[in-house]
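# Observations on the three-dimensional arrangement
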Amino acid sequence: MTDQTNNHQAGAGDHLANERTFLAWIRTSIALMGFGFVVVKFSLFVRQISLVVGTQNVPQQKGFSAIIGMCLVAVGALTALIGYLRYRRIEKQLLNNAFYPQSRLLLVLTAGVIGASLLLLYYLLPNL
């Protein structure tokens, strides 16, 4: 039984699929950066609205929204960089007819998303 990875000649479809995957990484990074921007600006918006309305009880804030928002923007930029590096690595592998999937990246990204979710839950639960 032969390994299809070594016998398969990379065609236009393979290169186009690699580009589509890279563009998905870029869309994800833009979404993360946009969400980070919204998180930072929403905190400022709530403070300004409470001043305009004249509410005496300005909501108490821990001040973490700016930090979380900036972290999201940084993670978005890092996502774009990872996407580009992955695109270049796979492009070289396609040109050399030797594709090797990388499961460590998926493990790291999954662990990062789960860790960030747990931190956000810890941050948001006391506010309920």
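You'll find the structure just up there.
My aim in this report is to walk through the structure given alongside it, one point at a time. (Residues numbered from 1 in each chain as written. Predicted model: local features only at pLDDT ≥ 70, side-chain atom pairs only at ≥ 80, totals over all residues. Heavy atoms only, no water.)

### Some points on the overall build of the protein chain
In terms of helices and strands, the protein chain carries four helices and zero strands. In the protein chain, the order of α-helices and β-strands from amino to carboxyl end is α-α-α-α. Across the 128 residues in the protein chain, those meeting the buried criterion constitute 17%. Partitioning the contacts of the protein chain with sequence separation of at least 6, the portion at a separation of at least 24 is 79%. In the structure as shown, the protein chain presents an accessible area of about 9800 Å², 70% of it carried by carbon and sulfur atoms. (Helix = DSSP H or I, 4+ residues; strand = E, 2+ residues; numbered from the N terminus. Buried < 20%, exposed > 50% of the residue type's maximum accessible area, 1.4 Å probe, protein only. Contact = heavy atoms within 4.5 Å. Areas by Shrake-Rupley, 256 points an atom, 1.4 Å probe, with all protein chains shown as cover.)

### Let's talk about the packing of aromatic side chains
Here the structure, examined in full by the defined rule, presents two aromatic pairs. Pairing Phe22 with Tyr84 gives two aromatic rings, centres 6.3 Å apart and planes at 70 degrees, and the pair type is edge-to-face. Pair noted here: Phe22 is in helix H2 (residues 12–53) and Tyr84 is in helix H3 (residues 65–95), with a separation of 62 residues, a long-range link. Ring geometry for Phe22 against Tyr87: centres 5.2 Å apart, planes inclined by 40 degrees, an arrangement best described as tilted. One end of the pair, Phe22, is in helix H2; the other, Tyr87, is in helix H3, and 65 residues separate them in sequence. Tyr87 gets classed as buried once you look at its relative accessible area, which sits at 17%. (Phe/Tyr/Trp six-rings, centres within 6.5 Å; stacked < 30°, edge-to-face > 60°.)

### Focus: the side chain of Asn18
Here Asn18 lies in helix H2. The contacts of Asn18, once residues within four sequence positions are left out, are Tyr87, Ile90, Glu91 and Leu94.

### Comments concerning the side chain of His15
One can find His15 in helix H2. Classification of His15 as buried rests on a relative accessible area of 18%.

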